[in-house]
Amino acid sequence: EDADGPPGLLGSSPDLEDILKGNKEWVKRMNKADPEFFKRLGGKQEPRYLYIGCSDARVDPGRLMGLDQGKLFVHRNIGNVVSGTDLNILSVIDFAVNFLKVPHILVVGHYDCGAVRGSIGQPDDGGLGIVENWLRNIRDVARFHRE
């Protein structure tokens, strides 16, 4: 055991130290720049947009659109897929529209999406593991528009 607690607890892994340190520094910066920031952020959320986009780590939706925290309700998945059989996205859309009263839904792709490229360029042989099931949605759309 280290000083942070038994192995496996949040904060005990050296791999997480940079993230935890970065978060503490961010909190300090935010409090210094705007002492009411966290109080305001803890209030009712009233986003104007639901962003449905790719999980790609290179894409930061709020930053791309120049929006502050609380202005964008975000759902991300591999390839920004919207499927009528995905209870996760259906729940997100329902919550955004019926409870948050979000007036705009944005389905946003990005340049050189690996999920799209992989689903169109890779053989449909199950070689991508469980991701293969998810890519089926993209493959079906591509096949439909090719014919």
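For clarity, every value in this text was computed on a predicted model and none was experimentally measured.

### What about the overall build of the protein chain?
Right, on to step 1. Each helix and strand in the protein chain was counted, giving six helices and three strands.
Right, on to step 2. Element order for the protein chain, N to C, with α for helix and β for strand: α-α-β-α-β-α-β-α-α.
Right, on to step 3. For the protein chain, buried positions account for 26% of its 147 residues.
Right, on to step 4. Long-range pairs, those at least 24 residues apart, make up 47% of the contacts in the protein chain with a sequence separation of at least 6.
Right, on to step 5. When the accessible surface of the protein chain is summed, it comes to about 10600 Å², and 56% of that surface belongs to carbon and sulfur atoms.

### Section: the packing of aromatic side chains
In this description, an aromatic ring pair is defined by two values, namely the gap between the centres and the angle between the planes.
Right, on to step 1. Enumeration over the complete set of coordinates arrives at five aromatic pairs.
Right, on to step 2. Ring centres of Phe37 and Phe38 lie 4.9 Å apart, and the angle between their planes is 85 degrees; this geometry places the pair in the edge-to-face category.
Right, on to step 3. Residue classification places Phe38 among the partly exposed positions, given a relative accessible area of 30%.
Right, on to step 4. Ring centres 5.8 Å apart and planes at 40 degrees place the aromatic pair Phe73 and Phe95 in the tilted group. One end of the pair, Phe73, is in strand 2 (residues 72-77); the other, Phe95, is in helix 4 (residues 87-99), with 22 residues separating them in the sequence.

Criteria and thresholds
- Residues numbered from 1 in each chain as written.
- Predicted model: local features only at pLDDT ≥ 70, side-chain atom pairs only at ≥ 80, totals over all residues.
- Heavy atoms only, no water.
- Helix = DSSP H or I, 4+ residues; strand = E, 2+ residues; numbered from the N terminus.
- Buried < 20%, exposed > 50% of the residue type's maximum accessible area, 1.4 Å probe, protein only.
- Contact = heavy atoms within 4.5 Å.
- Areas by Shrake-Rupley, 256 points an atom, 1.4 Å probe, with all protein chains shown as cover.
- Phe/Tyr/Trp six-rings, centres within 6.5 Å; stacked < 30°, edge-to-face > 60°.

None of this, on its own, says anything about what the molecule does.
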